[in-house]
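# A look at the structure
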Amino acid sequence: MPVYCSNVTHLEISYYHSLSDKKIISIVHSCPNITHLSFINSIAFSNRALELIAGSYSNLKYLNLCIDRPGGFRSFRTREVDGSGLWRIAKSCHRLEYLNISNRREYSETSICNVIRSCPRLQQLDLSFCQITDITIKEIVGSCLNLKYLNLEGCNNISKEAVDQLVSLNQNIHVENFVPIRVPSLDVIHKLARHLGIQHDAPRDVASLDNFINDELSRRLSERCILARPSLRRSDHQLGRIC
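Residues numbered from 1 in each chain as written. Predicted model: local features only at pLDDT ≥ 70, side-chain atom pairs only at ≥ 80, totals over all residues. Heavy atoms only, no water.

### Thoughts on the overall build of the protein chain
Quick reminder of the rule: In this description a helix means any DSSP run of H or I spanning at least four residues, a strand means any run of E spanning at least two, and both kinds are numbered starting from the N terminus. The buried label applies to any residue whose accessible area, calculated with a 1.4 Å probe on protein chains only, is under 20% of its type's maximum; exposed applies above 50%, and partly exposed to all values in between. In what follows, residue pairs with any heavy atoms lying within 4.5 Å of each other are defined as contacts. The Shrake-Rupley method, run with a 1.4 Å probe sphere, supplies the accessible areas, and residue values consider only the shown protein chains as cover.
Regarding its fold elements, the protein chain presents eight helices and seven strands. Taken over 243 residues, the protein chain has a buried fraction of 39%. Considering only residue pairs separated by 6 or more positions, the protein chain has 72% of its internal contacts joining residues 24 or more positions apart. Surface accessibility of the protein chain: about 14000 Å² in total, with carbon and sulfur atoms responsible for 52%.

### Points about the packing of aromatic side chains
Note on aromatic pairs: each is described by the distance of the centres and the angle between the planes. For clarity, the cut-off: Ring geometry is summarised as follows: Phe, Tyr and Trp rings, the Trp one being its six-membered ring, pair when their centres sit within 6.5 Å, and such pairs are stacked at plane angles under 30 degrees, edge-to-face over 60 and tilted between the two.
This structure, assessed with the given rule, holds two aromatic pairs. Here Y62 and Y98 contribute two aromatic rings whose centre-to-centre distance is 4.1 Å and whose plane-to-plane angle is 5 degrees, an arrangement assigned as stacked. Here Y98 lies in strand β4 (residues 98-100) and Y62 lies in strand β3 (residues 62-64), a separation of 36 residues in the sequence.

### Let's talk about unusual backbone geometry
Phi at Y15 takes a positive value of approximately 55 degrees, unusual for a residue other than glycine. Even without glycine at this site, A44 takes up a positive phi of about 100 degrees.

### Some remarks on the sheet that holds β4
This is how the line gets drawn: At least two DSSP bridges between two strands are needed for those strands to be called paired. Only C-alpha atoms enter the line fits that serve as axes; for helices the fit covers just the stretch in contact. Angles between N-to-C directions range over 0 to 180 degrees.
If you trace the seven strands from one edge of the open sheet to the other, you get β1-β2-β3-β4-β5-β6-β7, paired in parallel fashion. Edge positions in the sheet fall to β1 (10-12) and β7 (174-176), since each of these pairs with one other strand and no more. When the angles between neighbouring strand axes are averaged without regard to direction, this sheet yields 5 degrees. As defined by bridge partners, β1 adjoins strand β2 (residues 36-38) across three bridges and the pair is classed as parallel. What sits directly across from E12, in β2, is S38.

### Describing the packing of helix α3 (residues 83-92) against helix α4 (residues 109-118)
Rules: In what follows, roughly perpendicular refers to angles from 65 to 115 degrees, roughly parallel to angles under 35, roughly antiparallel to angles over 145, and oblique to any angle outside these ranges. Gly falls in the polar group here, along with every residue not listed as nonpolar (Ala, Val, Leu, Ile, Met, Phe, Trp, Tyr, Cys, Pro) or charged (Asp, Glu, Lys, Arg).
Interhelical geometry of α3 versus α4 gives an angle of 5 degrees and a closest axis separation of 8 Å. Put simply, α3 runs roughly parallel to α4. Residues G83, L86, W87 and A90 of α3 lie in contact with α4, whose contacting residues are S111, I112, N114, V115 and S118. A per-class count over the contact of α3 with α4 returns five nonpolar, four polar and no charged.

### Observations concerning the pattern of salt bridges
Stated formally: Salt bridges are defined as contacts in which a side-chain nitrogen from Lys or Arg sits within 4 Å of a carboxyl oxygen from Asp or Glu.
The tally for this structure, following the rule as stated, stands at three salt bridges. Across the salt bridge formed by R104 and E106, the nearest N and O atoms sit 2.9 Å from each other. When its relative accessible area of 3% is taken as the criterion, R104 is described as buried. Note that K160 and D164 form a salt bridge whose closest N and O atoms lie 2.8 Å from each other. With K160 and D164 both in helix α6 (residues 160-169) and four residues apart, the pair spans about one turn of that helix. Given a relative accessible area of 38%, D164 falls into the partly exposed group.

### Remarks on helix α1 (residues 21-30)
Within α1 the residues assigned to the buried category are D21, I24, I27, V28 and S30. On its buried side, α1 packs onto β1 and α2 (47-56).

### Notes on the side chain of N100
What counts is decided by this rule: Under this definition, polar contacts are N or O atom pairs within 3.5 Å; protein pairs additionally need one hydrogen-donor-capable and one acceptor-capable atom, and for neighbouring residues in sequence, both atoms have to be side-chain atoms.
Relative to the helices and strands, N100 resides in strand β4. At 3.4 Å, the side chain of N100 and the side chain of Y98 are in polar contact. Not counting residues within four places of it along the chain, the set of residues in contact with N100 comprises L63, N64, L65, C66 and D126.

### Section: the side chain of D21
One can find D21 in helix α1. A relative accessible area of 6% means that D21 is categorised as buried. For D21, the side chain forms a polar contact with the side chain of S46, separated by 2.5 Å.

### Things to note about the state of the cysteines
We count it as follows: Only a pair of cysteine sulfur atoms within 2.5 Å qualifies as a disulfide here.
One pass over the structure, following the stated rule, counts zero disulfides. Unpaired in this structure, C93 has its nearest cysteine sulfur neighbour in C119, at a distance of 7.0 Å. You can call C93 buried: its relative accessible area is 0%.

### Here we look at α3
Because an α-helix packs 3.6 residues into every turn, residues spaced three or four apart end up facing the same way. Put simply, the test is: The arc under discussion is defined with respect to the helix axis, by the directions toward the C-beta atoms.
Looking only at α3, the buried set comprises G83, G85, L86, I89 and A90. The arc that holds every buried residue of α3, seen down its axis, measures 160 degrees, which confines them to one face. Summarising the contacts, the buried residues of α3 are in contact with α2, β3 and α4.

Written as structure tokens, this is what we have:
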């Protein structure tokens, strides 16, 4: 039977791959006064668990849901966790000061922006390897005036101009691991697409068109590898006969 721990305010559960919804329900019922919650590399819970956390811990100040790498520690025990659970956190936990969702690519940019907009007290935000663009940076500029630390490692769709504007408007912020990516102009990418015979009328911005071309080139390369396999098999067979 779970022990009632009303005095516990900090709880860290790391590298636990069986952290089910049932276990989190037990935690919430046993520890009603949590303000610091860390589930580093812990999986097996679903959106239901995040919704329960949001509904039970309105005074939550610290939340760490990071994983070591995209897709890391996935198994048959992994449950569905996406932006809807994060949205409930945004709606309820307005006192949040620290949020780490690094490598959580399942969270959409809209969900991340909802959290930023709803949690103006955020001081530390780790978005490493999340699927974000300049839209998120603009949301931070408008909503997180108290932000002091921002980790953007692996966020390759963010422009230097957007980060420069953020730093100019918030001189107390420390942006870590941001590496500006030099993207060719739209005209250059259009010319490349035409030269390769790739249809490019759908994407209208530089980043989307660049990604579209990369995906198309990868697809063509895969097709060539598949077509080349029978030839390789025949060559091996012929070599075997010669030997």
